[in-house]
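Residue-level structural notes
What follows is each chain in one-letter form.
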Amino acid sequence: MKKLLRAIVAGFSAAVFLILADAVGVHHEPKPPRHIQTFDERMQKQGRVLWGEIDGHADCWALIGDTSYVTCRDGYKTTS
């Protein structure tokens, strides 16, 4: 049993060594930072128009149509 256990440990150690030795020579290029869209960019992409302040809520954007759907930066939503 001890011989079998030593063989398993020796095999495991050799495998770990080979994996580590192989990884040392590898150079990974850092990923470029992912662009996160701002609230304004998302609203413009949806075709909304900046309406300014609505009902005391600043930075509101509207999707204009028969019914205009207004969304503000703070989460306030209304229609007009």
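We now turn to the structure provided with this report.

**Structural notes on the pattern of salt bridges**
Evaluated as defined, the whole model comprises two salt bridges. Note that Arg73 and Asp40 form a salt bridge whose closest N and O atoms lie 2.9 Å from each other. Here Asp40 lies in helix H2 (residues 39–45) and Arg73 lies in the loop between strand E3 (69–72) and strand E4 (77–79), a separation of 33 residues in the sequence. For Arg73, a relative accessible area of 45% translates into the label partly exposed. Using a relative accessible area of 28% as the deciding quantity, one classes Asp40 as partly exposed. Of the charged contacts, one joins Arg73 and Asp59 as a salt bridge, the two residues approaching to 2.5 Å between their closest N and O atoms. With Arg73 in the loop between E3 and E4 and Asp59 in strand E2 (residues 57–63), this residue pair connects regions lying 14 residues apart in the sequence. Each of Asp40, Asp59 and Arg73 takes part in salt bridges that share partners, so that together they form one network.

About the cut-offs
Sequence order as written defines residue numbering, which begins from 1 separately in each chain. Given that the model is predicted, a residue must reach a pLDDT of at least 70 before its local features are reported, and side-chain atom pairs must reach 80 or more before they are shown or counted; all residues, however, enter totals for whole chains, interfaces and linings. Note: side-chain values were computed over all heavy atoms of the structure, leaving out hydrogens and water. Salt bridges are identified by distance alone: a Lys or Arg side-chain nitrogen within 4 Å of an Asp or Glu carboxyl oxygen. The secondary structure listing takes helices from DSSP runs of H or I that are at least 4 residues long and strands from runs of E that are at least 2 residues long, numbered from the N terminus. Each residue gets one of three labels from its accessible area relative to the maximum for its type: buried under 20%, exposed over 50%, partly exposed in between, using a 1.4 Å probe on protein chains only.

Functional significance is not addressed by these values, which are geometric in nature.
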